[in-house]
Amino acid sequence: MKQSLLPCRAGAGFKPEHFASIIQAPQPIGFFEVHAENYMGAGGPPHAQLAKLREDYALSIHGVGLSIGSMQDLDADHLKRLKTLCDRYEPQSFSEHLAWSSHDSVFLNDLLPLPYTGETLTRICDHIDQVQAVLGRQMLLENPATYLLFTESTIEETEFLRAIARRTGCGLLLDVNNVFVAATNHNMDPADYLARFPVESVREIHLSGHSETTDDRGAALLIDSHDTPVKDPVWTLYERLIARIDPVASLVEWDNDVPEWPVLRRDAERAGAILEAAARSRAA
Ligand SMILES: [Fe+2]
């Protein structure tokens, strides 16, 4: 099984509107990440752009539609399309979410949470075993941004992820913004969550922006909206995390209200500077 091997540098989510700016000059970016579902056609401009990017940069393919947490079998056709895509571009990493997004023939445009029980753990491990067997590569599983907790859950999320990584050999994608969003929504301390997180399995980190609103009772409610720069509390969590773990590929996601390329690149460069500072202090 091919292991996930992204360079320990900062990366950026690739948006087609940035292509012309990106190819003008070498960018201070170690890798780009794309959403798998945007490249499931056979050709056209999306693939022409991705093939060009792939010549110069490492690549992470990030799926949003596999519904790993589904009660049902995985969609074999979707998995086949993912294999075709991975075989075509040989990405350094393939990742998906600890979530579900389809049931029967209904596809929901959202990543929905699931209860953490022995039963869901077994099902998700079976699904990950299947994905890794079909793709012939290690996959990474991303912690979710959640807005509710299930009373049925009997296992803490960090333990659930640790058990999945141990049973399947998959790696983890630690989304620090998701940690901050979920912890705020559930009135918990994000630093406590990160202290419990199985960092030895982390092969990639995500950073992104979120929006702030309030719920029916006036309590703070954060939405994982990917439509702003990375916010200061998330930078602080990231910086403290990077200071205590081995360096790991760190990606800035920006999917809505996408700015000009230099604005996204600035956040990626900030992540890169934090990675380099941590490497320097470790060497010293
Ligand atoms: Fe993410």
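Our structure is the block above this text.
Here is a short report on the structure shown in this document.

**Some words on the overall build of the chain**
Within the chain one finds nine helices and twelve strands. At 18 Å, the chain has a C-alpha radius of gyration in line with the 19 Å of a compact globule built from 284 residues. On the principal axes, the C-alpha backbone points of the chain span a range of 50 × 40 × 40 Å. Taken across its 284 residues, the chain has 51% of its residues classed as buried.

**A few points about the sheet that holds strand β3 (residues 58–62)**
Spatially, eight strands are ordered β1-β2-β3-β4-β7-β8-β9-β12 in a closed barrel, and the strand pairing comes out parallel. Strand-to-strand twist of the sheet, defined as the mean angle between neighbouring strand axes without regard to direction, takes the value 30 degrees. The sheet contact formed by strand β4 (residues 93–97) and strand β7 (residues 139–142) spans four bridges and is parallel. Across the sheet, Ser95 pairs through a bridge with Leu140, a residue of β7. Seen against the sheet, helix α4 (residues 118–135) touches β4 and β7 and runs at an angle of roughly 145 degrees to β7.

**Section: the pattern of salt bridges**
Here the idea is simple: oppositely charged side chains can pair when their charged atoms come close. All told, the structure shown has twelve salt bridges when counted by the stated rule. In this structure, Lys83 and Asp87 form a salt bridge, with 3.0 Å as the shortest nitrogen-oxygen distance. On the criterion of helical spacing, the pair formed by Lys83 and Asp87 is a turn pair, its members being four residues apart in helix α3 (residues 76–89). Here Lys83 falls in the partly exposed class, since its relative accessible area comes to 30%. A salt bridge links Glu90 to Arg137; the shortest N-O distance between them is 3.2 Å. Of this pair, Glu90 sits in the loop between α3 and β4 while Arg137 sits in the loop between α4 and β7, and the two are 47 residues apart along the sequence.

So, how was this worked out
Residues numbered from 1 in each chain as written. Predicted model: local features only at pLDDT ≥ 70, side-chain atom pairs only at ≥ 80, totals over all residues. Heavy atoms only, no water. Helix = DSSP H or I, 4+ residues; strand = E, 2+ residues; numbered from the N terminus. Rg over C-alpha atoms; globule rule 2.2 N^0.38 Å. Buried < 20%, exposed > 50% of the residue type's maximum accessible area, 1.4 Å probe, protein only. Pairing = 2+ DSSP bridges. Axes fitted to C-alpha atoms, helices over the stretch in contact; angles between N-to-C directions. Contact = heavy atoms within 4.5 Å. Salt bridge = Lys/Arg side-chain N within 4 Å of Asp/Glu carboxyl O.

On their own, these measurements won't tell you what the molecule is for.
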